[in-house]
Amino acid sequence: MNRLQTGIVLPAAGFAALLALPWILDAYTLSTVASWLYLSLAVLSLTVLVGVSGQISVGHAAFVGASAYMSTILVADYQWNLWLACAAAIVSTMVLGAIVSLPALRMSGLYIAVPTIGLALVFPTWLQAAREVTGGYSGKALAVQIVPPPWTGLDAAAWVYVITVIAVAVCFVLVACVVDSRIGRALRAVRTNESVAETFGARVASLKVSVFVLSAGLAGVAGCLFTLQRQFVSPADFTLLLAISLFTGMAIGGQFSVWGALVGGAFLQYAQGAIEDIGVDPLLVPALYGALLIVIVIKFRAGVAGAIHTGIVGLGRLIRPVERGVAPAGDRGIITRRTS
Amino acid sequence: MNRSRPRSVISALACVSALLASACGSTTTDDASGGASFDNCPDSASALVKGDTIKVATTGPISGPYAAIGEANRAVEAYFNYYNAKGGIETVDGRKKVEVAMFDDQYVASKAQENIKQAVERDRVVAVAVQVGTANAEAVAPYLNSTCVPQLFPVSGATGLVAEDRPFTTQLINYEDQATVAARYIESQDPKATVAVLYQNDDLGQSLLDGFTEAVEGTDIKITAEESYEPSATTVKAQMTTLEASGADFLFNASAGAACTQMFTALKGGSWDPQIVQGNNCNEANISQAPAGTTDNISGAAYLQSPLVDTEGMELFREIMESAGVKPSSTALVGYSNAQAAAAAISAAGELSSIGIAKAAVDLGPEPPNPSIYLEGTTFAPGLGHPLLNSYRVAEYDARSGSFDGVNGELITVD
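Attention in this report is confined to the structure presented alongside it. Owing to the predicted nature of the structure, the values given are computational and were not obtained by experimental measurement.

1. Side note on the overall build of chain B
For step 1, the next point in the chain: Within chain B, the regular secondary structure consists of 13 helices and 14 strands.
For step 2, the next point in the chain: On C-alpha atoms alone, chain B measures out to a radius of gyration of 24 Å, which is about the 22 Å that the 2.2 N^0.38 rule sets for 415 residues.
For step 3, the next point in the chain: Considered along the principal axes of its C-alpha atoms, chain B spans approximately 75 × 70 × 40 Å.
For step 4, the next point in the chain: The long-range fraction of contacts in chain B, counting pairs at least 24 apart against all pairs at least 6 apart in sequence, stands at 66%.
For step 5, the next point in the chain: When the accessible surface of chain B is totalled, it reaches about 16,400 Å², and 49% of it is carbon and sulfur.
For step 6, the next point in the chain: Of the side chains in chain B, 25 bear a positive and 50 a negative charge, and the two mean positions are spaced by 12 Å.

Given below as structure tokens:
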């Protein structure tokens, strides 16, 4: 495939296909696709942070939750306009991301994971404690109905789906651009070796904070999509379990691949049902996830996207054994390759 | 940088289109449930069940950290499977088997929503028969009421789950009523009693505390101390020390789970010996782990017989549970009793449709659907906007058998 196909035509075709789904699928299947896209965006927020910049966060469930809660509360209790509430929630989540990123300036690797895992643990407990504001354990409903504009001819669920597709597409394209830009290359350099990156002029501290803010912003958009889709938030939706699931999704999709996040999201949305459908006791599903994660970490460190990339490259070599001097696709941000 | 410019343009365009789409787009209207009523329903809600099988759904934590509570769902499935094997349950249209689609939501509200949507839109269930969890029930109640699919007897004691404009949601019991029963019982024992309260700082504890505070208003009962603990707390010793200093005659226990056992452990170390009164929040499993000698003085609001007694109803319950491989615990009993109420609504429905079943569900009573598992004298109050059960017996805990015995307990009716 040439650059035009992989960079523009394929994503554009995918986007058009997704936009056509409300006229093809039944309401339930459409809602699962919307949920897949929301989860993919949440996984993408981790990919940006972990895969591209090499920082670890286990607290992204809290970012998604903070945005979902804030947008819901602003609409339900303060009668804000839904879109204004979403914008405020996303900006606030970015500020939260900036605050959480500060320890990252002095720490690296697993040491950053510790404060973020604390955030993921404390967040649902705090939601229950701040019952007056959050509705506590029982959760909080959006308390308004979303009414699509009449010219669309869509029902509310299909309208939310269309908004989801557009928002997710914008975020993916934005991230693909960032990864492919000078900033993206600087981030990869920071991931590989901070000192060397600094020697070459990369401003490590501001890069680290910026990527945390970007990542939190993406998680914030995912949180708003959650509010739109579910119209109900509760502490159990944003526990450490979600944080770990997002991490699993990222590992499976491929931590170095932007578009791999879609695979990770699909895994989170559909795998459990598929595993149960073949007759596995639901109690064993987490164990299966664990086993899968171990296999991926040992055998496919670049996830499904990496495996596909390796397969395509291998196939290319079989067909055209002598071809030298072509830059690897991984550096173009479509399927990014591990450089360390 | 040049390489990324075309994509930047695309993203900018996409951003603009998204903003435009949002800005000129949708509005919101108040009232998410859309003011549900029996008269404002899609055609599917009044479609009669064809064939000899009725499809219902149940969702709960079958896996995950709260899988133990999923016993209630397994009990629901076991209950219907038992009667299916005997030819089904009686309905207005003859005997029907009840096919239960059991979903796992891991106690997560968004997963429960997805499960219920699948059940309604893909599996075309006629009703949701017993789901587990307050947040989960709240999350799907607007959807089920707008699609007119009955939400039959979720396992939740939360106040506010049922309302006049949620005619498709029915609830068996709530915690506020149980707190009222506890307050009335204390008043009957000592009209000028002093009461200390230990409550879990969540909706369960708060509902019990609110119900209790409201019930003692205007009486001579005095709440002399209130202490709360977080659901994640590993000990309640400090709170119990403060409560002990009040020297109250009664302790209203609004704790649950391991903290409840901890409460008894703290009592063991002190010199305070209050009479303990509660709802059914702290169950036999928690109390049986408490130190000996601390559990002689507990009374609780009860409506079901103990799962351990040898009555006809409980023997059948144990037989059904054991044949399905489900532990006949208090949790399973709650699922079982709610499933019985759901089955009673299906049997009593004047027409076998979603609307017919929902109408029958709010009209159950005044006798409980299957009196053989309820304590004698307990009654249902048919109608919208309140839980159906409106009377409880005060049960005494018997440390030797490890169960609450409410057979001869005082019968208290709540308004």
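2. Things to note about the sheet that holds strand β2 (residues 53-60) of chain B
All names here are of chain B.
For step 1, the next point in the chain: Reading across from one edge, β3-β4-β2-β5-β6 is the order of the 5 strands in this open sheet, with mixed pairing throughout. Both outer strands of the open sheet, β3 (89-91) and β6 (151-152), are each paired with one neighbouring strand and no more.
For step 2, the next point in the chain: Sheet topology note: the β2/strand β5 (residues 127-129) ladder contains 2 bridges and is parallel. Each residue of the ladder has a partner; that of Val56, found in β5, is Ala127.

3. Points about the pairing of strand β7 (residues 194-200) of chain B
Residues and elements named next belong to chain B.
For step 1, the next point in the chain: The buried fraction of β7 is high, at 6 of 7 residues.
For step 2, the next point in the chain: Sheet topology places β7 next to strand β8 (residues 222-229); 7 bridges connect them, and they run parallel. Bridging across to β8, Val197 finds its partner in Glu226.
For step 3, the next point in the chain: For the segment spanning β7, helix α7 (residues 203-216) and β8, crossover handedness is right-handed.

4. Some remarks on empty space enclosed by the protein
Residues and elements named next belong to chain B.
For step 1, the next point in the chain: As enumerated under the stated definition, the model contains 1 cavity of 30 Å³ or more in all.
For step 2, the next point in the chain: Around the largest cavity, the lining residues are Val162, Ala163, Arg166, Thr169, Thr170, Gln171, Val362, Gly383, Leu384, Gly385, His386 and Leu388.
For step 3, the next point in the chain: Grouping the amino acids of the lining of the largest cavity by side-chain chemistry returns 5 nonpolar, 6 polar and 1 charged.

5. Let's talk about the nonpolar core
For step 1, the next point in the chain: With 91 residues, the main nonpolar core has Leu41, Tyr161 and Phe238 of chain A as its most contacted residues.
For step 2, the next point in the chain: Looking at which element gives the most residues to this core, the answer is helix α2 (residues 27-52) of chain A, with 16 residues.
For step 3, the next point in the chain: Ala127, Ala344, Ile373 and Phe380 of chain B belong to the second largest nonpolar core, which has 76 residues in total.

Calculation rules
- Residues numbered from 1 in each chain as written.
- Chains lettered and ligands numbered in written order.
- Predicted model: local features only at pLDDT ≥ 70, side-chain atom pairs only at ≥ 80, totals over all residues.
- Heavy atoms only, no water.
- Helix = DSSP H or I, 4+ residues; strand = E, 2+ residues; numbered from the N terminus.
- Rg over C-alpha atoms; globule rule 2.2 N^0.38 Å.
- Contact = heavy atoms within 4.5 Å.
- Areas by Shrake-Rupley, 256 points an atom, 1.4 Å probe, with all protein chains shown as cover.
- Lys, Arg positive; Asp, Glu negative; His and termini not counted.
- Charge placed at Lys NZ, Arg CZ, Asp CG, Glu CD.
- Pairing = 2+ DSSP bridges.
- Buried < 20%, exposed > 50% of the residue type's maximum accessible area, 1.4 Å probe, protein only.
- Right-handed = clockwise from strand over helix to strand, strands pointing away.
- 1 Å grid on protein atoms, 1.4 Å probe; cavity = no way out; pocket = protein on both sides within 12 Å on 5 of 7 lines; lining within 4 Å.
- Points joined across faces, edges and corners; volume = space filled by probe spheres on them.
- Nonpolar A, V, L, I, M, F, W, Y, C, P; charged D, E, K, R; others polar.
- Core = buried A, V, L, I, M, F, W, Y, C linked by side-chain atoms within 4.5 Å.

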